[in-house]
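# Inside the fold
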Amino acid sequence: MRGKLLFLGGLAAGFVLGARAGREKYEELKATALKIKESPTVQEAAGVVQEQATRLYSEGKTKVTDKLANSRFAESDLGQRLIGTQETPAIERDVLATTGPSKTTPSGGTSF
């Protein structure tokens, strides 16, 4: 019971102190976060991570398709449709859409 009271007391104190900091502190934190997000270093890192994710997705897709093609599942109608599909899956369209040249910022970094 004592632990619960201490927890609730701490929660109340945090709420009161947070409320006193007010809107100015919130706006200051928001501006700092935006400044960090828009920095060229962060944008460059985001582009690198996005390229790696795209590469890993493509490699994974190839491995799964190869394994599927060599399994009994490939003999089924559904397996044939999955392996032989010419249509671009939604997730691949999304990945291609985010890596296209239209999604870059003037500084050359990738936006998110």
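Thresholds applied
Throughout, a residue's number is its position along its own chain's written sequence, starting from 1. With the structure being a predicted model, the display of local features is reserved for residues of pLDDT at least 70 and the display and counting of side-chain atom pairs for 80 or more, all residues being used for whole-chain, interface and lining totals. The side-chain values count all of the structure's non-hydrogen atoms but skip hydrogen atoms and water molecules. In this text, helices come from DSSP runs of H or I with a minimum length of four residues, and strands from runs of E with a minimum of two, each type numbered from the N-terminal end. The buried label goes to any residue with under 20% of its type's maximum accessible area, the exposed label to any with over 50%, and the partly exposed label to all in between, with areas taken from a 1.4 Å probe on protein chains only. One speaks of a salt bridge when a side-chain nitrogen belonging to Lys or Arg is within 4 Å of a carboxyl oxygen belonging to Asp or Glu. Residues form patches when they are more than 30% accessible in relative terms and have no salt bridge. Like charges link within 9 Å. Nonpolar side chains (Val, Leu, Ile, Met, Phe, Trp, Tyr) link within 5 Å. With residues, only the protein chains shown are counted as cover, and all accessible areas are computed by Shrake-Rupley using a 1.4 Å probe. Here a polar contact means two N or O atoms within 3.5 Å. Within protein one must be a hydrogen donor candidate and the other an acceptor candidate, and residues neighboring in sequence count only if both atoms are side-chain atoms. For every residue, the predictor reports its confidence as pLDDT, a number between 0 and 100. Here, residues are in contact when the closest pair of their heavy atoms is within 4.5 Å. In this scheme, a helix's expected span is set at 1.5 Å multiplied by one less than its residue total.

### Comments concerning the overall build of the protein
- On a plain count of helices and strands, the protein comes out with 4 helices and 0 strands.
- Listed N to C, the secondary structure of the protein is α-α-α-α in terms of helices and strands.
- With 112 residues in all, the protein has 10% of them scored as buried.

### Concerning the pattern of salt bridges
- Applying the stated criterion across every chain yields a total of 1 salt bridge.
- Here R55 and E59 are joined by a salt bridge, their closest N and O atoms 3.2 Å apart. With R55 and E59 both in helix α2 (residues 40-69) and 4 residues apart, the pair spans about one turn of that helix.

### So, a nonpolar patch on the surface
- Among the surface-exposed residues, F7, L8 and L11 lie close enough to one another that they form a single nonpolar patch of about 330 Å² accessible area.
- Within the fold, L11 resides in helix α1 (residues 2-37).

### A few points about the side chain of Q43
- Looking at the secondary structure, you find Q43 in helix α2.
- Looking at Q43, its side chain comes within polar contact range of the main-chain oxygen of K37, at 2.8 Å.

### Re the confidence of the model for the protein
- Per-residue confidence for the protein gives a mean pLDDT of 75; residues scoring 70 or more make up 73%.
- Per-residue pLDDT stays below 50 along residues 102-112; that stretch engages in 17 contacts with residues further than four places along the chain or on separate chains.

### Brief notes about α2
- In this model α2 runs 43 Å from its N-terminal to its C-terminal C-alpha over 30 residues, within 8% of the 44 Å that 1.5 Å per residue would give.
- By the burial criterion, the buried members of α2 are Q43, A46, G47 and T54.

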